[in-house]
Amino acid sequence: MTHVNTPIAINRRQILWADTAMVFPLVGVAQIFPARPVRVIVPFPAGGGTDIIARILCQEMAKDLGQPFLVENRPGAGTVIGNDFVSKSPPDGHTLLLTTSAFSIVPSLTAKLPYASDSAFAPIALLGRAPNMIVVKADGRFKTLADVLTYAKANPGKLSYGSAGIGTSVHLAAELLKNSAKIFMTHIPYRGASPLITDLLGGQVDMGFATMPSIAPFLTSGKLRAIAVTSSDRAPTWPDVPTVAESGIHGYQADVWYGVFSSSGTPPDIVAQLNSALKRAAQTEAFRKRVEAEGLATSVSTPEKLGQLTHADELRWKKIVKAQGITAK
C-alpha cells in the first residue's frame, strides 16, 4: 500500500497556541493588558484642571501601551457618581478613576455612600500635588495672612471667605485654617470659582480660597493678591507667596493630590503595569510642561503609598468636618 502525505494547513496562531500550551499546560495563558481601549473616568466636568491633566496623561499612556485611553466625564454628587461607576466596573484595569483629594473628603460629608470607600478601589498611583491659594483683592485692606488672622481674632464672624462650594478641597482648606488658628469666619459657598472671583473683585466677600489655575490670570493682571498657599512648600510658579505654615500656623497643609484608582480585585500584575506606565507618562516633557500650568508637582508613588494617603486623609477630614460642624447641602 502506498502512503500519501496529505498537506496539513497549520496557521501561525495554532503553532503559537501549541507552544504556549506546552509551556503552561496547567495555568493557561495570561491575558495581555490592555486588551482593548481603557476608560479613564473623571468625576468632574470637562474643562477643569483634573480633566486637563487626565487628557494629557491619556495621550501619553496610549502611546506607551498601544491602546486608546479615553476620558469620560461623570460629574455629580461631589464626585460620588464617577466613583461609584468605577467601583462597580470589572476589576481588569480597563476602567480607571482619575480623581483628587475630594476622594477622601466625600466619606466625611455623605452619610451613606453607594460604595465602600475603604475597600471598593484598588490604588494605582499618586500622580502629584498642587496647592490651593488664599487670595484677597489687590487694593484691599489685607496684605498678608497675618493681617487676616489678626482681624479675624479681634472680630469673630465679621470676616467672610468664599469657596467653590461646600465639601470642595478649598472649603476644607479654609475650615482647617479656622480650626488651626482658632478663628471664626463666615463661609460663602459658590457654584465654582468664577462667581467667587466676581464677588471678590466686587468686594462682596473679603477673602477667597481657590485653585491655582482658576486664580492665576487675576494674580498676573494685578487684580488679586495671593497671601498664602495651602501646601507645605511654596509653589514653584509663585515662589514669593508664603505658605500658611510660614505665616504662623505651624504644621498646616491642605494641598490637592491627584491619584489613579481601579476597582477592587484588579490583579496585582495589572496594577504594577499601570503604575509603571503612569511613571513613564509623568516623566514625558509633554505631560510635565502641561501640568505645571495647573500647579501640579508630579511625584508618582507606589499603590501602597496612595492607599496610605487616602486612609489618613479620610480620617483627618472626618475630624475637621465634625469639629467645624460642616454638613453637605
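As a reminder, the structure under discussion sits directly above these lines.
Residues numbered from 1 in each chain as written. Predicted model: local features only at pLDDT ≥ 70, side-chain atom pairs only at ≥ 80, totals over all residues. Heavy atoms only, no water.

Where do I start with the sheet that holds strand E1 (residues 38–42) in this structure?
Two strands in a sheet stick together by hydrogen bonds in their backbones, pointing the same way (parallel) or opposite ways (antiparallel). With respect to topology, six strands assemble into an open sheet ordered E2-E1-E3-E10-E4-E11, the strand pairing being mixed. At either margin of the open sheet sits one strand with a lone partner, and together these are strand E2 (69–73) and strand E11 (297–298). Sheet analysis places E1 next to strand E3 (residues 95–100), joined by three bridges and oriented parallel. Among the inter-strand pairings, Arg39 is bridged to a residue of E3, identified as Thr95. Across the sheet, helix H4 (residues 102–109) touches E3, strand E4 (121–130) and strand E10 (256–263), and the angle it forms with E3 is around 80°. Packing against the sheet, helix H9 (residues 268–282) makes contact with E3, E4, E10 and E11, and its axis sits at approximately 15° to E4. (Pairing = 2+ DSSP bridges. Helix = DSSP H or I, 4+ residues; strand = E, 2+ residues; numbered from the N terminus. Contact = heavy atoms within 4.5 Å. Axes fitted to C-alpha atoms, helices over the stretch in contact; angles between N-to-C directions.)

Hey, could you run me through the packing of aromatic side chains in this one?
The geometry of an aromatic ring pair is captured by the separation of the ring centres together with the interplanar angle, meaning the angle of the planes. On inspection of all chains with the given rule, the structure shows six aromatic pairs. Ring centres 5.1 Å apart and planes at 80° place the aromatic pair Phe103 and Phe121 in the edge-to-face group. Residue Phe103 is found in helix H4, and its partner Phe121 is found in strand E4; the two are separated by 18 residues along the sequence. The residues Phe103 and Phe121 share a single accessibility class, namely buried. Ring centres of Tyr115 and Phe121 lie 5.4 Å apart, and the angle between their planes is 85°; this geometry places the pair in the edge-to-face category. (Phe/Tyr/Trp six-rings, centres within 6.5 Å; stacked < 30°, edge-to-face > 60°. Buried < 20%, exposed > 50% of the residue type's maximum accessible area, 1.4 Å probe, protein only.)

Which parts of the structure should I look at to understand helix H5 (residues 145–154)?
Along an α-helix, a turn takes 3.6 residues, which lines up residues three or four apart on a common side. Within the sequence span of H5, burial applies to Leu145, Val148, Leu149 and Ala152. For H5, the buried positions fall inside an angular range of 95° around the axis, keeping them on one side. Across H5 from its buried face, at more than 90 degrees, point the exposed residues Thr150 and Ala154. The inward-facing, buried residues of H5 abut strand E5 (132–137), helix H6 (169–181), strand E8 (207–211) and strand E9 (224–229). (Arc of directions from axis to C-beta.)

What is the right way to look at the pattern of salt bridges in this model?
Side chains that carry opposite charge are capable of pairing whenever their charged atoms lie near each other. Taken as a whole, this structure holds 14 salt bridges when the rule is applied. One salt bridge in this structure joins Glu60 and Lys63, with 3.4 Å as the shortest N-O distance. Of this pair, Glu60 and Lys63 both sit in helix H2 (residues 49–65), three residues apart, which is roughly one turn of that helix. Classification of Glu60 by relative accessible area gives buried; the value is 9%. Residue classification places Lys63 among the exposed positions, given a relative accessible area of 64%. (Salt bridge = Lys/Arg side-chain N within 4 Å of Asp/Glu carboxyl O.)

When you look at the packing of H6 against helix H11 (residues 303–324) in this model, what are you seeing that I'm missing?
Helix packing geometry: the angle between the two helix axes and the distance between the axes. At a closest axis distance of 10 Å, the pairing of H6 and H11 adopts a crossing angle of 65°. In this view, H6 runs roughly perpendicular relative to H11, as classed from their interaxial angle. Pair H6 / H11 crosses with left-handed handedness. Across from Leu172, Glu175, Leu176, Lys178 and Asn179 in H6, the residues of H11 making contact are Arg316, Trp317, Ile320, Val321, Ala323 and Gln324. Taken together, the residues of the contact of H6 with H11 sort by class into six nonpolar, two polar and three charged. (Parallel < 35°, antiparallel > 145°, perpendicular 65-115°, else oblique. Left-handed = near helix turned anticlockwise from the far one by under 90°. Nonpolar A, V, L, I, M, F, W, Y, C, P; charged D, E, K, R; others polar.)

Would you mind showing me how to read unusual backbone geometry here?
Backbone geometry follows two general trends: most residues other than glycine have a negative phi, and most peptide bonds adopt the trans configuration. Of note, the bond from Phe33 into Pro34 is cis; its omega dihedral lies within 30 degrees of zero at -5°. Phi is positive for Thr79, which is not a glycine, with a value near 85°. The residue Thr79 is located in the loop between E2 and helix H3 (80–87) in this model. For Thr79, a relative accessible area of 3% corresponds to the buried category.

How do you make sense of the packing of H2 against helix H10 (residues 285–292) when you look at a structure like this?
Relative to each other, H2 and H10 sit at 175°, their axes nearing to 10 Å. Taken together, the axis directions place H2 and H10 in an arrangement best described as roughly antiparallel. Packed against H2, whose contacting residues are Ile52, Ile53, Ile56, Leu57 and Glu60, the element H10 presents Ala286, Phe287, Arg290 and Val291 at the interface.

Hey, could you run me through the side chain of Asp51 in this one?
Looking at where Asp51 falls in the secondary structure, it is placed in helix H2. Beyond its immediate chain neighbours, meaning those up to four positions away, Asp51 contacts Val42, Pro45, Ala46, Val71 and Asn73.

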